[in-house]
Amino acid sequence: MKQDTDMNRRRFLGQAAAAAGLAVAPGVMLYEVQARPAGEAATSKQRWGMLIDTTKCEVGCNDCVTACKTENGWGASETKSSTEQQAQWIRKVKLTDKQTGHVQSLPLMCQHCETPPCVDVCPTGASMKRADGIVLVDKHICIGCRYCMMACPYKARSFIHESLSGQKAHAPRGLGTVESCTLCVHRVDKDGTPACVESCNAKGHKAMYFGDLNDPNSEISKRLKEFGGQQIRADLGLNTGVRYQGL
Amino acid sequence: MVYLQRHIRKLVTLVGLGILLSLSLTSQAADLKPVIPTAKGGQCVEKTDVMRKNHMEFILHQRNDTLRRGIRTSKHSLKECIECHNAPANDGKVARISEKDHFCSSCHTFAAVKIDCFECHADKPEAAQYRTSAKGGH
Ligand code: SF4
Ligand code: SF4
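Description of the structure in this document. (Residues numbered from 1 in each chain as written. Chains lettered and ligands numbered in written order. Predicted model: local features only at pLDDT ≥ 70, side-chain atom pairs only at ≥ 80, totals over all residues. Heavy atoms only, no water.)

### Considerations on empty space enclosed by the protein
All names here are of chain A. Across all of its chains, the model carries six cavities of 30 Å³ or more by this definition. Roughly 110 Å³ of volume is contained in the largest cavity. Lining the largest cavity are 13 residues, with C57, C61, C64, C200 and H205 positioned closest to its centre. Residue lining of the second largest cavity: 13 residues in total, with C68, C181, L183, C184 and C196 positioned closest to the centre. Counting only elements with at least two residues in the lining of the second largest cavity, the list comes to α2 (63-72) and α6 (195-202). Looking at the lining of the second largest cavity residue by residue, the classes come out as eleven nonpolar, two polar and no charged. (1 Å grid on protein atoms, 1.4 Å probe; cavity = no way out; pocket = protein on both sides within 12 Å on 5 of 7 lines; lining within 4 Å. Points joined across faces, edges and corners; volume = space filled by probe spheres on them. Helix = DSSP H or I, 4+ residues; strand = E, 2+ residues; numbered from the N terminus. Nonpolar A, V, L, I, M, F, W, Y, C, P; charged D, E, K, R; others polar.)

### Some details on the interface of chain A and chain B
Reports of interface size often rely on the accessible area that becomes lost once the parts have come together. Counting from both sides, the interface comprises 31 residues of chain A and, opposite them, 20 residues of chain B. Contact between chain A and chain B buries roughly 2,400 Å² in total, counting both sides, with carbon and sulfur atoms accounting for 48%. Scanning the region where chain A abuts chain B turns up two salt bridges. In this structure, D138 of chain A and R68 of chain B form a salt bridge, with 2.7 Å as the shortest nitrogen-oxygen distance. At the junction of chain A and chain B, the tally comes to ten residue pairs in polar contact (both at pLDDT 80 or more). When residues of the side of chain A that touches chain B are traced back to their parent elements, those giving at least two are α1 (2-19), β7 (135-137) and α5 (185-188) of chain A. For the side of chain A that touches chain B, the residue count by class is twelve nonpolar, ten polar and nine charged. (Contact = heavy atoms within 4.5 Å. Buried area = accessible area lost by both parts, 1.4 Å probe. Salt bridge = Lys/Arg side-chain N within 4 Å of Asp/Glu carboxyl O. Polar contact = N/O pair within 3.5 Å; in protein donor to acceptor, adjacent residues only side chain to side chain.)

### Notes on the pattern of salt bridges
In the structure shown here, the tally under the stated rule is 17 salt bridges over all chains. Between K56 of chain A and D53 of chain A there is a salt bridge, and its shortest N-O distance comes to 3.4 Å. When its relative accessible area of 36% is taken as the criterion, K56 of chain A is described as partly exposed. Classification of D53 of chain A by relative accessible area gives buried; the value is 5%. Among the salt bridges present, the one from R130 of chain A reaches D132 of chain A, with a minimum N-O distance of 2.6 Å. When its relative accessible area of 2% is taken as the criterion, D132 of chain A is described as buried. Ionic contacts of the salt-bridge type, sharing partners, join the residues R36, R130, D132 and D189 of chain A together with R72 of chain B into one network. (Buried < 20%, exposed > 50% of the residue type's maximum accessible area, 1.4 Å probe, protein only.)

### Quick look at the site of ligand 1
For ligand 1, the full set of nearby residues is C110, Q111, H112, C113, P116, P117, C118, V135, C152, P153, Y154 and R157 of chain A. By residue class, the composition of the shell around ligand 1 is nine nonpolar, two polar and one charged. (Near = heavy atom within 4 Å.)

### Section: the site of ligand 2
The local shell around ligand 2 holds 14 residues, among which C122, C142, C145, R146 and C148 of chain A are the closest. Grouping the amino acids of the shell around ligand 2 by side-chain chemistry returns ten nonpolar, three polar and one charged.

This is how it looks when you write it as structure tokens:
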């Protein structure tokens, strides 16, 4: 029943999107990408990514981090863990140029690498990349060895040190497993936007963009084409899905 | 003759005792049976006998489809199981997995099969409130 409702909703949205096609020039139409039906698997047609405009990201602003905590339930839930042990899916990093004193601020989370080292080292196959580029931990088979935490150059992963309760229904997480930013995969699968991006825009900062890197017409691709976007530690050649502008 | 009668009497007593014993055993067994809470809604996504035997296979299959491939149909989703089987009772509250009146625990305690699904997964519908304040989990 629920499934049918979902399907109908998606079909409706699909039609609405098609109807909202925009003629930008004679013979050239822009269409919104249609949502994938619930029963269809993610494919490599899409590659989800994020673009962060560091010139708009304020020092001291924590709105994206707060939104992620609220959405996915990490942070306050680990009451017995020390600060170092507590989960941290996304963190604000402050960069200071020692020469000039120029200060920059940016959010750092799993960069959803195209060739993720965390996946390379995982002995069980728990650390995995979905066809659409989203890197996840399959906690069903994670043994908590934490090899992936060592391998990640961005310190993006956390290990859960204590028994949890009150998890969000869409974000299962628990003792003895590793976790990191899921790119809000539960939202993305419903054609939504990650919580951090949504909050950054809603609060008027407009420093974060989410979209399909494979679609040349998506806002993120157009911005990347026009302004460029750097990878953090590009020298590692991981082809990250999260890009930064203004670094 | 007397000998035979005595033996018959003995036999009858024994049979009587046997019946009594088995009766008391059945009544005890009835007490031990799990009290399975009734679900919200009329019909499960599968027949009861199929579900009893195969629910673990269904959710094992679904978990791989959902997590690894992004297939989010609701038919065999654990989230949907919980939505119906741990729906708020008349008092508007729900049980914790650590309590025997949680749908999953009611049977799993009886069968002495320990599950760890709810180490990570929510044991109640998102909006529902727990009846007790004790910490959940095992
Ligand atoms: S940033 Fe770290 S956790 Fe994320 S895909 Fe890359 S190596 Fe894996
Ligand atoms: S902690 Fe889990 S996901 Fe990470 S490498 Fe070990 S088994 Fe794989």
